[in-house]
Amino acid sequence: MNGYRELLIRGSEKVIGHYELLLASARTEHEREFYRQRIERERRLIRDLQGELDDRAA
């Protein structure tokens, strides 16, 4: 099961990278805010997944 979480974390990290590229080229404040929200959502998912890993190790 650990491998699945690591895969999900790596996937979220890739998604963040793509959204950061989109954020850098955003033309409107609306676009920038949308990409910031999506990046934060992915970061929360990563934290949640890492927290589950920490809980299982304890």
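In the block above lies the structure referred to throughout.
The present account deals with the structure reproduced in this document. (Residues numbered from 1 in each chain as written. Predicted model: local features only at pLDDT ≥ 70, side-chain atom pairs only at ≥ 80, totals over all residues. Heavy atoms only, no water.)

Focus on the packing of aromatic side chains
Heads up, the rule is: Here a pair means two rings of Phe, Tyr or Trp (six-membered ring of Trp) with centres within 6.5 Å. Their orientation is stacked below 30 degrees between planes, edge-to-face above 60, and tilted elsewhere. The way it works is that DSSP assigns letters per residue, a run of H or I at least four long becomes a helix, a run of E at least two long becomes a strand, and they are numbered from the N terminus. Note on exposure labels: buried denotes an accessible area under 20% of the residue type's maximum, exposed denotes more than 50%, and partly exposed covers the range between, all computed with a 1.4 Å probe on protein chains only.
Here the structure, examined in full by the defined rule, presents 2 aromatic pairs. Judged by centre distance (6.0 Å) and plane angle (35°), the ring pair of Y19 and Y35 falls under tilted. A residue pair is termed long-range when its members are at least 10 positions apart, and Y19 in helix 1 (residues 2-24) and Y35 in helix 2 (residues 29-57) qualify at 16 residues. Looking at Y19, the relative accessible area reads 16%, which means it is buried. Residue classification places Y35 among the buried positions, given a relative accessible area of 13%. Here the aromatic rings of F34 and Y35 are separated by 5.5 Å at their centres, their planes lie at 65°, and the arrangement is edge-to-face. Judged by its relative accessible area of 37%, F34 is partly exposed. An aromatic cluster of three or more residues is present, and its members are Y19, F34 and Y35.

Some points on helix 1
We count it as follows: An expected span of 1.5 Å times one less than the residue number is assigned to each helix.
Taking 1.5 Å per residue, 23 residues should reach 33 Å; helix 1 reaches 33 Å between its end C-alpha atoms and fits that length. Along helix 1, the positions that sit buried rather than exposed are R5, I9, S12, I16 and Y19.

A look at the pattern of salt bridges
Stated formally: Think of a salt bridge as a Lys or Arg side-chain nitrogen and an Asp or Glu carboxyl oxygen that are within 4 Å of each other.
Enumeration over the complete set of coordinates arrives at 5 salt bridges. R32 is the partner of E29 in a salt bridge, and the nearest nitrogen-oxygen pair spans 3.2 Å. Highlighted residues: E29 and R32, both in helix 2, separated by 3 residues, approximately one helical turn. Residue E29 is classed as partly exposed on the basis of its relative accessible area of 44%.

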